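The lines below spell out each chain.
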Amino acid sequence: MPWTFYESYRGSPLGIALCDSVDDYVRSGEITEELGRIVLAEFDRALADAMANIDARASVKGHLRTYRNCDDVWYFSLRDATFKMDNKQTVSTSRVKIVACKHGDAVAVDLGADPETGEVIPTKGPGSRGKGR
C-alpha cells in the first residue's frame with residue numbers, strides 16, 4: 001500500500017510555484033500527468049518528513065475565531081496572534097490559519113501565510129514534544 005501525505009503545503013508560496021510549473025510542463029507535453037503527480041507526491045512526502053524532524057516549540061496567544069477537527073486534522077483560525085518561539089523571538093500577525101496534522105507520533109503544523117505580509121511560520125504544534133516522542 002503506498003504512503004499518502006497531507007497536501008497542505010501545496011498552498012504555500014513554494015507549493016503554488018511547484019504546482020504551476022508542473023502544470024506548465026504537463027500542458028506543454030514535456031512531462032506526463034503521471035510524472036507530474038509523482039513530483040507533487042514527492043514534494044508532499046519531503047515536506048512532511050522535514051516538518052516531522054523540526055525540534056522547536058512555540059506558544060501562541062490570540063483571539064480564536066474558529067476551530068474544527070476532521071479525520072485527525074485540526075484547523076484553527078486566529079486574529080491578532082503573537083507567537084513566542086523557544087528562542088524568545090516573538091512574531092505577531094493580524095490573521096493566521098493553523099492546520100495541525102498527525103504525522104507518525106509527532107504533530108506537524110502548517111501555519112497559513114498572513115495575507116498582509118505573506119509570511120509563513122513553520123513550527124511544531126501544540127502538545128508536541130519533539131522528534132520521535
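If you're wondering where the values come from, they're calculated on a predicted model, not measured in any experiment.

The rules behind these values
Residues numbered from 1 in each chain as written. Predicted model: local features only at pLDDT ≥ 70, side-chain atom pairs only at ≥ 80, totals over all residues. Heavy atoms only, no water. Salt bridge = Lys/Arg side-chain N within 4 Å of Asp/Glu carboxyl O. Helix = DSSP H or I, 4+ residues; strand = E, 2+ residues; numbered from the N terminus. Buried < 20%, exposed > 50% of the residue type's maximum accessible area, 1.4 Å probe, protein only. Patch = residues over 30% accessible without salt bridge, like charges linked within 9 Å, V, L, I, M, F, W, Y side chains within 5 Å. Areas by Shrake-Rupley, 256 points an atom, 1.4 Å probe, with all protein chains shown as cover. Expected span 1.5 Å × (residues − 1). Arc of directions from axis to C-beta. Contact = heavy atoms within 4.5 Å.

Counted according to the given criterion, the structure contains six salt bridges. In this structure, the salt-bridge partner of Glu33 is Arg37, at a minimum N-O distance of 3.8 Å. Residue Glu33 and its partner Arg37 are both found in helix α2 (residues 33–52); the two are separated by four residues, about one turn of the helix. Judged by its relative accessible area of 55%, Glu33 falls in the exposed class. For Glu42, the salt bridge identified is with Arg45, shortest N-O distance 2.5 Å. One end of the pair, Glu42, and the other, Arg45, are both in helix α2, three residues apart, so they sit about a helical turn from each other. Accessibility expressed as a relative area gives 40% for Glu42, which makes it partly exposed. Using a relative accessible area of 30% as the deciding quantity, one classes Arg45 as partly exposed. Several salt bridges share partner residues, and in doing so they unite Glu33, Glu34 and Arg37 into one network.

This brings us to a nonpolar patch on the surface. Taken together, the side chains of Leu35, Ile38 and Val39 make up a nonpolar region of the molecular surface, amounting to roughly 220 Å² of accessible area. With respect to the element layout, Leu35 can be found in helix α2.

This next bit is on helix α1 (residues 13–28). Over its 16 residues, α1 runs 23 Å from end to end, which matches the ideal 22 Å to within 8%, given 1.5 Å per residue. Taken together, the buried positions of α1 are occupied by Gly15, Cys19 and Val22. Along the axis of α1, the buried residues cluster in a sector spanning 65 degrees; they form a single face. Seen from the buried face of α1, the exposed residues on the opposite side, beyond 90 degrees, are Pro13, Leu14 and Arg27. Looking at the buried side of α1, the elements it contacts are α2. A positive phi of about 85 degrees marks Gly29, the residue just after α1.

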